[in-house]
Each structure stands twice: as structure tokens, then as C-alpha cells.
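Observations on chain architecture
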Amino acid sequence: LTTLREAETYVFDYCQNVSNINLGRRIILLTRHTWVDGERIMQPKIIKWDNCYNESNKPFITKESFSHPAKGSVALFRKIFNFLEEIGAIKKDDLIVDCFGGIAMTGLIGSTMGYRVITVELEDKFVKLGNDNIKRITPSLVATNKTVPIHIQGDSRFLAKILAEKCSGIVTSPPFHQTSEGYGI
């Protein structure tokens, strides 16, 4: 018999703060799930983050990149990376992967924070935009001895075949579609 070691996953739930809807303020809730011997044990602790959308993408992405429907939030990505480092899940220079790479926002933010990042995107037009965004920030990354992110075209269902090395974590925003019941993904 083999016993599964304890593992943790963190699930980020996005919700709109109804009382602040006109201010565009969004709240991020984080629920901790612990897996022991294959069974999920939900921890009741919920961490509330706000001001996750208060930083502009403009310094990081080209004008054309604003055509992407889910650009990602600079402040939110910073909070996610800082949180993962705070709990010991990742450390500087770790390899982080975004398997739904879009226009490479995870790579752009992660690399400026000192992580090595590979983003994988299926659609050619977004791969091109992502690589244009990477070119935009490469001089500042090189000047500060940070690793330039890699943005590649590929199908994330075959992620293990795409990656040459094991990654320390996945930070992503999966394709999202809201149903008529109000739920997504």
C-alpha cells in the first residue's frame, strides 16, 4: 500500500462586491483545500483580497493586446505570486507555467518579480501578441538581470510533452464562460 502525502491546493473564487459595483472594485476569495490520502478536506479559512484591479496593464502590453478578452490583472498576479511565495509554494527563480498563456501577462508579471515563466497559448494571434509584449519589457528585464519569459504556441493538454523541465507551480486564468445560471468555466 502507498499512502498519498498531504497536498494542498488553493482555489481562487472571483466575485463582484455588489455594494461597490459602480467603483469597479473586485474581491478575490481564496479557499484552502487540503488533500489527505486522496480525500479533500476543505479548510474554512477564506482570505479576502481587494484592490486587485487597481494597476494598469499599459506599461506591459501593446495597444493591440487590449483586443484579448481576458488580459489578466497586474495587481492580481502580483498578489498571487507574493502569496505563493509567502506560503512557501514557490521561490524566486522557480519555473512557473501558465498553460492558458493568452498575451503572456503571467510571464510579464512573474518575470519582473524574479521568476522564470513559460506561458503556453493555443491561438497563433495571441502568441504573436504575447511575444510582442515580451519584446516590450525585455530591455528592463535584461537591465535588472531577470529572466525573459518564454511564450510558445501549443496545446496545454500535452503540457508534459511541451515542457523540458518540471515546473514549481502553475499560475493561470483558465478560459471562462458564464452560463445562464451565473456559474463559469
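Residues numbered from 1 in each chain as written. Predicted model: local features only at pLDDT ≥ 70, side-chain atom pairs only at ≥ 80, totals over all residues. Heavy atoms only, no water.

Here the focus is the packing of helix α1 (residues 74-86) against helix α2 (residues 105-112). For the pair α1 and α2, the least separation of the axes is 10 Å and the interaxial angle reads 55°. Taken together, α1 and α2 sit at an angle that is classed as oblique. α1 and α2 meet at a crossing whose hand is right-handed. Taken together, the residues of α2 that come into contact with α1 (itself represented by V74, F77, R78 and F81) are M105, T106, I109, G110 and T112. Residue composition of the contact of α1 with α2, by class: 5 nonpolar, 3 polar and 1 charged. (Axes fitted to C-alpha atoms, helices over the stretch in contact; angles between N-to-C directions. Helix = DSSP H or I, 4+ residues; strand = E, 2+ residues; numbered from the N terminus. Parallel < 35°, antiparallel > 145°, perpendicular 65-115°, else oblique. Left-handed = near helix turned anticlockwise from the far one by under 90°. Contact = heavy atoms within 4.5 Å. Nonpolar A, V, L, I, M, F, W, Y, C, P; charged D, E, K, R; others polar.)

Mapped onto the elements of the fold, D98 is located in strand β4 (residues 95-98). Among the polar contacts made by the side chain of D98, one reaches the side chain of T106 at a distance of 2.6 Å. (Polar contact = N/O pair within 3.5 Å; in protein donor to acceptor, adjacent residues only side chain to side chain.)

Within the structure shown, the criterion is met by 7 salt bridges. The residue R116 makes a salt bridge to E165 at a minimum N-O spacing of 3.2 Å. One end of the pair, R116, is in strand β5 (residues 116-121); the other, E165, is in the loop between α4 (159-162) and β7 (169-170), with 49 residues separating them in the sequence. For R116, a relative accessible area of 24% puts it in the partly exposed group. What makes E165 partly exposed here is its relative accessible area of 42%. Residues participating in the shared-partner salt-bridge network are D93, R116 and E165. (Salt bridge = Lys/Arg side-chain N within 4 Å of Asp/Glu carboxyl O. Buried < 20%, exposed > 50% of the residue type's maximum accessible area, 1.4 Å probe, protein only.)

All right, on to the sheet that holds β7 then. Reading across from one edge, β6-β5-β4-β7 is the order of the 4 strands in this open sheet, with parallel pairing throughout. Looking along the sheet, the strands with just one partner apiece sit at the ends: β6 (150-153) and β7. Sitting on the sheet, α2 touches β4 and β5, and the angle it makes with β5 is about 180°. (Pairing = 2+ DSSP bridges.)

Worth remembering: the numbers are spatial, not functional.
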